[in-house]
Structure formats: structure tokens, C-alpha cells
Amino acid sequence: MCGIVGIVGKNNACKHALNVLKNLEYRGYDSAGLAFLKNNDLNTIKALGKLNELKSKFETLEEEIKDVLIAIGHTRWATHGKVVLENTHPILSENIAVVHNGIIENHDQIRLELKEKKVIFETTTDTEVIPHLLSISMKNTNNFFNACVSVVDKIEGAYAFAAIHSSKEEIFVARKTSPLVLGLGYGYNIVGSDAQSISQLVNEVIYLNDGDYAILNKTKIQIYDTNNMKVEREKINIKSNYNILSKNGYKHFMEKEIHEQPNVLINTIGSLVREENELNIFPEKMNIKKNYGITICAAGTSHYAAMVGKYWIEKFSSVPVNVELSSEYRYRNPATSMYSSMIVISQSGESIDTLMAMREAKRLNLKTTAITNVENSSIDREADYSIYTHAGPEVGVASTKSFTSQLIVLLSIAMKIAINNKKITIDKYNDFIKNLKLVPNFLSKILSLNEEFIKLAQSIKNSQNILYLGRGILYPLALEGALKLKELSYIHSEGFAAGEMKHGPIALIEEGMPIIMFLTSDGMEEKSISNLQEALARGGNIFLISDKKNLKKIHNIQNKVIVPSFQENWNDIFSPIFMSIPAQLIAYHVARERGTDVDQPRNLAKSVTVE
Ligand code: M6R
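The model shown is predicted, which means the values in this text are computed figures rather than measured ones. (Residues numbered from 1 in each chain as written. Predicted model: local features only at pLDDT ≥ 70, side-chain atom pairs only at ≥ 80, totals over all residues. Heavy atoms only, no water.)

(A) Representation of the sheet that holds strand β18 (residues 339-346) within the structure. The sheet built from five strands is open, its strands ordered β17-β16-β18-β19-β20 with parallel pairing. Edge positions in the open sheet fall to β17 (321-325) and β20 (385-388), since each of these has one partner strand only. Pairwise comparison of adjacent strand axes, ignoring direction, gives a mean angle of 20 degrees for this sheet. Across four bridges, strand β19 (residues 367-372) lies against β20 in parallel orientation. Across the sheet, Ile 371 pairs through a bridge with Ile 387, a residue of β20. (Pairing = 2+ DSSP bridges. Helix = DSSP H or I, 4+ residues; strand = E, 2+ residues; numbered from the N terminus. Axes fitted to C-alpha atoms, helices over the stretch in contact; angles between N-to-C directions.)

(B) Broad picture of the site of the ligand. In the vicinity of the ligand there are 15 residues, among which Ser 302, Ser 346, Ser 348, Ser 351 and Glu 487 approach most closely. Residue Gln 347 places a main-chain N or O atom 2.7 Å away from an oxygen atom belonging to the ligand. A distance of 2.4 Å separates an oxygen atom of the ligand from a polar atom in the side chain of Glu 487. Contact with the protein chains removes 91% of the 410 Å² of surface that the ligand exposes when unbound. Put simply, the parts of the chain that give the shell around the ligand at least two residues each are α9 (300-317) and α17 (475-489). Partitioning the shell around the ligand into residue classes produces five nonpolar, eight polar and two charged. (Near = heavy atom within 4 Å. Polar contact = N/O pair within 3.5 Å; in protein donor to acceptor, adjacent residues only side chain to side chain. Areas by Shrake-Rupley, 256 points an atom, 1.4 Å probe, with all protein chains shown as cover. Nonpolar A, V, L, I, M, F, W, Y, C, P; charged D, E, K, R; others polar.)

(C) Just the packing of α9 against α17, in detail. Two elements in contact, α9 and α17, have axes whose closest approach is 9 Å; the angle formed by their N-to-C orientations is 170 degrees. With respect to α17, the axis of α9 lies roughly antiparallel. Across from Gly 300, Thr 301, Tyr 304, Met 307, Val 308 and Tyr 311 in α9, the residues of α17 making contact are Tyr 475, Pro 476, Leu 477, Leu 479, Glu 480, Leu 483 and Lys 484. Partitioning the contact of α9 with α17 into residue classes produces nine nonpolar, two polar and two charged. (Parallel < 35°, antiparallel > 145°, perpendicular 65-115°, else oblique. Contact = heavy atoms within 4.5 Å.)

(D) Fine view of the packing of aromatic side chains. This structure, assessed with the given rule, holds 17 aromatic pairs. Judged by centre distance (6.0 Å) and plane angle (40 degrees), the rings of Tyr 468 and Phe 518 are tilted. Here Tyr 468 is found in strand β21 (residues 465-470), whereas its partner Phe 518 is found in strand β23 (residues 514-519), with 50 residues between them in sequence. Take Tyr 468 and Phe 518: they sit in the same class, and that class is buried. The lysine or arginine in question, Lys 289, covers the ring of Tyr 292, its NZ or CZ lying 5.2 Å from the ring centre. Stacked on the ring of Phe 316, the Lys or Arg Lys 315 has its end atom at 5.8 Å from the ring centre. (Phe/Tyr/Trp six-rings, centres within 6.5 Å; stacked < 30°, edge-to-face > 60°. Buried < 20%, exposed > 50% of the residue type's maximum accessible area, 1.4 Å probe, protein only. Lys NZ or Arg CZ within 6 Å of the ring centre and 35° of its normal.)

This is how it looks when you write it as C-alpha cells:
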């Protein structure tokens, strides 16, 4: 989603702003722009498409604007209004420029009011009401800061914005729900959509609280809370992780992130398993209570992780689990008398649907636990308790290592609740921890099957429709496989529980349609294989991804990739983690074969901060 940057007090401000925008590219965008002050004149540079387009325009002016000390910039992910230059931020009104992330929900109403005042709109964005309101207010007050505060009072929705006025080298910023971070430099100050993006320029950051607004000049930052009171917020030291953000010789970030999963999971597991073989998870902080259940809310891939988590938690601890899409939970007046705890799962920690679901749960008096990859993200900061996945920055829009690390955390939660509630023996618990530590190494073995998935990808790359099947604990993997494939390759794909095929989806099968099934030996494999035979009989082109144990049972399936079997008692339990690798590799290689933009697929954003 949109990325915001603002820099005040630093020479070559536009160049630095461009670099920050580059670091925010992962969020997804379709156009970008800069506004800056040169001799008290407001100027803009805007371009459609990738940042390179903006960079080329900037380079033609670079010498001329080297001494510019104040700039704001934006990568736009269109919500209101088409991807055209007029709608590209910064949006101007007279000598004011604004960049904005989120949605101004009452923009229609404000637009009408402004039109009555003869204001002429030049864009179809919701954002444009902000600079116009500021202009009008400036005429009345001649005070930029007061004008901005009056606009904050007027606009509704979830947003973050930054504004500048040509008369002064200062930046006004405000945030409600959408993220915004201030960075403290030596003789300059910065604002960005996340801490990582500005970490090359500053060592200290301040996270604005929800509803905060602030004014920045080159030496000073003044923050105000929702009651318009001056406040101090904690300064946090950050270290730049940007050397991690290289592709390390891989063609795409996604490819790198798939292959680094063994190392990532070593970190995740290391953070969960204490030296004395104890899991660093505290069900008491999660408010897990006898006779009460847990609701898990998440979106996209994180939601599929939640579905797997339900299987594990209910299987081992017998605590009832209700899994919901965050975007549905918030608005459906959920009955919560049976639930004492909510877990939210979010890689970015910024998905607005999940943040809002968590706020709703808080309002309903549930204790909230966040499983997130980003410390100090909005979700982390608002949750009662957080467990980090420690997957490191994930740049590819498609979730890969964040998914497997979420699964590790969920399975560990299941086992910790189970041992606390005396649902499993201490031997079983210790055996789990012993086997958990073997997972990273085992993932490397599955990754070594890469060539087989390339071949599989080559044989399905021209298909128009592809089905994914799974049963039991692998049903969510069928959904995840289909999501990965559709978002990366733009091939229509759907995931189904194998047992559901006969209730409708089987009608879709026509001669040659690829059907990819994930299979593990979980006691239900015979039933899954029968479902597969039904699809085969109707002309489906079956691709089976199965563990070795099923080899004898699947002799009549021609296209198969056999993944090694894990430790006897744990093979099916860990299978969703293992099958994630084929799901990811298939989607990756199909996309690569088709030449799509793997790391930044069309229309998608890494951090979904609008509803
Ligand atoms: O950051 P989150 O985990 O909250 O993001 C949730 C979804 O937007 C995300 O998983 C999305 O579905 C990915 N593009 C899937 O690859």
C-alpha cells in the first residue's frame, strides 16, 4: 500500500526521499511522486509505473535541486481514482502539498462542502480534500500548524498524511490507524511509513501513537496526542537491516526467501525454545481459560496459517478454536461469551483488517495475542501480548518464510497449552521439542527437490484453471497453494478440501485440467486417494505431492513428487510446514516461466493498510 516519506533539513532531500521510497517499494504501488521547496517555491515530480520512471525525471533536475532541504514523497497504490498522473501524490492546492496513505471516509461529504465554496477539484482522489481544506484554513488563520490541526479534526477514516507549505521548512504529519514513524537525524528529521525504510538515514525513531500528530523542522519534533496535548514518545534505537535486503544472488526476493527458510526457522525455533527445553510461550498471558475458546483472526496467507493452527490447538489441547477472516470479524457482531482470548496473525503487523479485528476483540474484553514478524508494528504495539516469528524482512509480496514461521509458532502454542492443561505427557512434549529442532534441516531436503518443481511448473504454466486439493491438516495448504499461484502467475486457481469435490467443484474438471494434491500419511490418505481417483476418472491431470510413506498406494498416479518422510510420530503433524515448500516453489516457478513480476505482482501490496 502507499508509502510516505518526508525529509526536512538534509541537503539533497529529494534524492534521500527517493531512496526511502525505494525501500518502501515492497509495499506495492502504481505511481510515485515528490514535492519539494526550492527558494520557497513548491515543485513536484511525478511518474506512473515503477520508481525508475520517477528517478529518470529526478535525474534531469538533480544538479539544480541538490541544495533542496525539504521534500515529501509517496508511492501510490490506487484506491480512489485511476492510475493517472493527476491522481499521483503529492496532491496540491495552491502552495500546499500533501501525501497520504489510507482512506478519508468522509471525503464525499467534504468534497460537496468545498464545491459549494467554489473549490475546483483536479483529481478523483479522496486525498485532494486535505490540501483544499488546508488552503482554506490557511486563508483564515495564516498558521500552517493550526490549519493542519483543524483538518485532522475534520477528516475521518484510517490514514497517515504528511503536508508541507511553501512558506516554511517544516512538515506536518498525522496518523490514525495507518502507520507512520519519525526518524531523528543530526540536523535533520524524517518521517516514513516504516522504520526499516529510514534506517539508513537515522539511528533513532519514534513511533507515533494512534491519533498522534506532529510538526517537524530540521532540529525539532513536537508531538501531540488525540487530546491536543504535547507529548513525549519513546525514542527507539534501530539498526539498519538493509544489507539483509539484497537478493544474495537469487533472481527474486521471493526465491531467496523460499530458500532461506531453513535458516529462518532456526531463528524462529531458537526464540521459542529455551535452553532447558522449555517453550517460551505463556498461555496465561493469552488468557487461555478452562471452558473458553480462542478466536484467531487474520487475512490471506496468515489466515491459512490460522486454519492450520486450529487443527493443532484442538487436536493437542482440546481448546475450541474459531478461525475468522479479520475483515469479516470486525463487522459481524460476534458472540464472544465462549471465548476469552483472541490471537491475531500478521506478518506485517499493519494489515488494517486484522488491526481492526483486534481492536474489536479488545472492545469485547478478549485478551489479545499477536503473532507477528514486525516488532513495534501497530498490531504488536496494541496487542496485550506478542510472539514474534523472527523471519527477518520479507520483501516479496507473496508470504513465504513468514507463513512457515507462523506455523512453527502456532504449533508451539498448541503444545504449550496442551502440556499446561495436562492434555499431553511430558514425554510427548519433550519429544515435540526434540523434533521441532529437526525441522529446519528437513526443510533443506525438501528444497533440494527444486528441479522437480520446475518441471511440474513447466507442464502447467499454460493452463487457464488449476485446482489444489488437500484433506484434514493439508486442506489449508490447498488454499495457500492456490492463493500463491493466482497472485504470482495470474492463473485462476482454487483450493478445495478433497472430500468436498463431489459436492460441487468436481463439475469444473475437464479433460487435462491440472489438479495438484498434497498428501500425507495421516490415516486419511486412503480417502484422499479415492477423491483423487474420482478426479482422474473425469480427465483431471493429477499432480500429487506426497510423502514417501504413501508410495505403494499411489502407483497409478503418473505425475508425482515424493517428498521425504519425517520422524514416524510427527510426519503428519509437521506436514503443513513441509508442504509449504512445494506450494511456494510451484507458484514461484510458474510465475517465472510466465515472466510475471514475481516480487511485486500486479495490483497487490505487501502491507494492506486500507479496508
Ligand atoms: O501482513 P499480513 O500477514 O497481515 O498480511 C496478510 C495478507 O495480506 C497476506 O498474507 C497476503 O495474502 C499475501 N500476499 C499472501 O502471499
